[in-house]
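In case you want the letters, here they are:
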Amino acid sequence: MDGRFLNRVAVSALISVVALGGALVTAHAIVPDTAPAAPVFRLPDLRAVPVAPYMVRASLAHGTMLAGRICAQCHSFALGSEGNAGPVLAGVVGRNIATFPGYAYSAALRQHAAQIWDDQRLSDWLMAPARYVVGTRMSFAGLSDPQDRADVISYLHTLHTPAPTLTPATGESR
Ligand code: HEC
């Protein structure tokens, strides 16, 4: 292997690199970058929206109307009216998740039974139930407007129940 041969190899390698670079530059010039400036569609934003500011100005009247129109299709709001598709919502605020006695919850929702339904959890749930608890049987798309959610939650607050009947089971199997 003499020096001239090595020279030729080096020169041809250099030519290849320059040609490749040139091709890339030309390609970019001919085919413009096609990535859209903004996403074409957006998935719903699932970062929790703090519900407290909306609770402050919640409309009970509007929440009562929404609950009657939407939630009542599957839920009842008073004790003694079990048998609907969904669990009775009386006393749901402050109750452990998936613990209304006698209701056959999905395994997915029962996994959260150690947690309590507070305003924020209810809001996150009602935003998109199937996303908040993957595998839930609550086939309801959700309330996208945080104020609507707060209004409904303020209505749920009015559904008081005699506490003893609804105290959640404390771990022992029923
Ligand atoms: C299409 C029927 C349907 C509609 C409409 C519906 N739900 Fe439900 N909901 C269910 C079912 C079924 C469950 C039980 C889900 C499971 O076990 O995974 C449930 C569960 C719940 C729970 C959990 C209760 C618990 O004891 O842990 C809450 C809270 C709730 N729904 C609130 C609402 C509210 C508020 C609305 C109205 C905005 C609503 N749901 C609309 C069917 C429905």
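Residue indices follow the written sequence of each chain, beginning from 1 at its first position. For a predicted model such as this one, the threshold for reporting local features is a pLDDT of at least 70, and the threshold for listing and counting side-chain atom pairs is 80 or more; totals across whole chains, interfaces and linings nevertheless cover every residue. Working from all heavy atoms in the structure, the side-chain values ignore hydrogens and water.

1. Description of the packing of aromatic side chains
Quick reminder of the rule: Note on aromatic contacts: the rings of Phe and Tyr and the six-membered ring of Trp form a pair at centre separations within 6.5 Å, being stacked when their planes are under 30 degrees apart, edge-to-face when over 60 apart, and tilted otherwise. Helix and strand definitions here come from DSSP, where helices need a minimum of 4 consecutive H or I residues and strands a minimum of 2 consecutive E residues; each element is numbered from the N-terminal end. Between buried and exposed lies partly exposed: a residue is buried under 20% and exposed over 50% of the maximum accessible area for its type, with that area taken using a 1.4 Å probe on protein chains only.
Counting across every chain of the model gives three aromatic pairs. Ring geometry for phenylalanine 77 and tyrosine 155: centres 5.2 Å apart, planes at 90°, overall edge-to-face. A residue pair is termed long-range when its members are at least 10 positions apart, and phenylalanine 77 in the loop between helix H3 (60-69) and helix H4 (107-110) and tyrosine 155 in helix H7 (residues 146-157) qualify at 78 residues. Assigned by exposure class, phenylalanine 77 and tyrosine 155 land together as buried. Between the aromatic rings of tyrosine 103 and tyrosine 105, the centroid separation amounts to 4.7 Å while the plane-to-plane angle is 70°, which identifies the pairing as edge-to-face. A relative accessible area of 22% places tyrosine 103 in the partly exposed class. Using a relative accessible area of 9% as the deciding quantity, one classes tyrosine 105 as buried.

2. Points about the packing of helix H5 (residues 119-127) against H7
Test applied: What counts as an axis is a line fitted to C-alpha atoms, over the stretch in contact for a helix, and the angles between N-to-C directions run from 0 to 180 degrees. Geometric relationships in this document are graded by angle, where less than 35 degrees denotes roughly parallel, more than 145 denotes roughly antiparallel, 65 to 115 denotes roughly perpendicular, and other angles denote oblique. Crossing handedness is read from the near helix: turned anticlockwise from the far helix by less than a right angle, it gives a left-handed crossing, and turned clockwise, a right-handed one. Working rule for contacts: check all heavy atoms of both residues, and any pair within 4.5 Å makes them a contact.
Look at H5 against H7: their axes get within 10 Å of each other, and the N-to-C directions meet at 125°. Of the possible angle classes, the one that applies to H5 and H7 is oblique. Seen along the crossing, H5 lies across H7 with a hand that is right-handed. Residues Asp119, Leu122, Ser123, Leu126 and Met127 of H5 form the contact with H7, whose participating residues are Arg149, Val152, Ile153, Leu156 and His157.

3. Re the side chain of arginine 149
Inclusion rule: Residues scored as charged are limited to Lys and Arg (positive) and Asp and Glu (negative), so that His and the chain ends carry no count. Definition used for salt bridges: Asp or Glu carboxyl oxygen within 4 Å of a side-chain nitrogen of Lys or Arg.
Structurally, the position occupied by arginine 149 is in helix H7. Aspartate 124 provides the closest opposite charge to the buried, salt-bridge-free arginine 149, at an N-O distance of 6.1 Å. If we skip the residues at most four places from it in the chain, arginine 149 touches Val49, Ser123, Leu126, Met127, Leu143 and Ser144.

4. Here's the deal with the site of the ligand
Definition in use: For this description, a residue counts as near a given molecule or strand if any of its non-hydrogen atoms is within 4 Å of it. In protein, a polar contact means a hydrogen-donor-capable atom and an acceptor-capable atom, both N or O and within 3.5 Å, with residues adjacent in sequence counting only if both atoms are side-chain atoms; elsewhere, any N or O pair within 3.5 Å suffices.
Near the ligand lie 27 residues; those nearest to it are Cys71, Cys74, His75, Ser106 and Met138. Between alanine 98 and the ligand, the recorded distance is 2.7 Å, taken from a backbone N or O atom to an oxygen atom. For the ligand, an oxygen atom lies 2.9 Å from a polar atom in the backbone of arginine 137.

5. Topic: the coordination of the iron atom of the ligand
The cut-off we apply is this: Metal-coordinating donors are taken as N, O and S atoms lying within 2.8 Å of the metal, or within 3.2 Å when the metal is Na, K or Ca; because water is left out, some sites can appear incomplete. Angular criteria define each label, namely tetrahedral for four donors with all angles between 85 and 135 degrees, square planar for four and octahedral for six donors with opposite donors over 155 degrees apart and remaining angles between 65 and 115, and irregular for whatever fails these tests.
At this site the iron atom of the ligand is bound by His75 (NE2) and Met138 (SD), with donor distances of 1.9 to 2.2 Å. In this structure, the iron atom of the ligand is surrounded by six donor atoms whose angles at the metal cover 84 to 179°, and the resulting shape is octahedral. Of this pair, histidine 75 sits in the loop between H3 and H4 while methionine 138 sits in the loop between helix H6 (129-132) and H7; the two residues are 63 residues apart in sequence, bridging distant segments of the chain.

6. Looking at the side chain of arginine 95
Looking at where arginine 95 falls in the secondary structure, it is placed in the loop between H3 and H4. Buried charge without a partner: arginine 95 forms no salt bridge, and the closest opposite charge is glutamate 82, 8.6 Å away. Within polar-contact distance, the side chain of arginine 95 engages the backbone oxygen of valine 88 at 3.0 Å. Within the local environment of arginine 95, its side chain forms a polar contact with the backbone oxygen of alanine 90, the two atoms lying 2.8 Å apart.

7. A look at a nonpolar patch on the surface
Note the cut-off: A patch consists of residues exposed above 30% relative accessible area that lack any salt bridge, with like charges linked at up to 9 Å and nonpolar side chains (Val, Leu, Ile, Met, Phe, Trp, Tyr) linked at up to 5 Å. The protein chains shown are the only cover counted for residues, whose accessible areas, like all others here, come from Shrake-Rupley with a 1.4 Å probe.
On the surface, Phe5, Leu6 and Val9 cluster together to form a nonpolar patch covering roughly 260 Å² of accessible area. Structurally, the position occupied by phenylalanine 5 is in helix H1 (residues 3-30). Note on phenylalanine 5: relative accessible area 40%, which makes it partly exposed.

8. Points about the confidence of the model for the chain
Selection rule: pLDDT runs from 0 to 100 and stands for how confident the predictor is about each residue.
Across the chain, pLDDT averages 85, with 82% of residues at or above 70. Mean pLDDT across the elements of the chain bottoms out in helix H8 (residues 163-166) (44) and peaks in H7 (98). Low pLDDT, under 50, characterises residues 163-167; the predicted model gives this stretch nine contacts beyond four residues in sequence or across chains.

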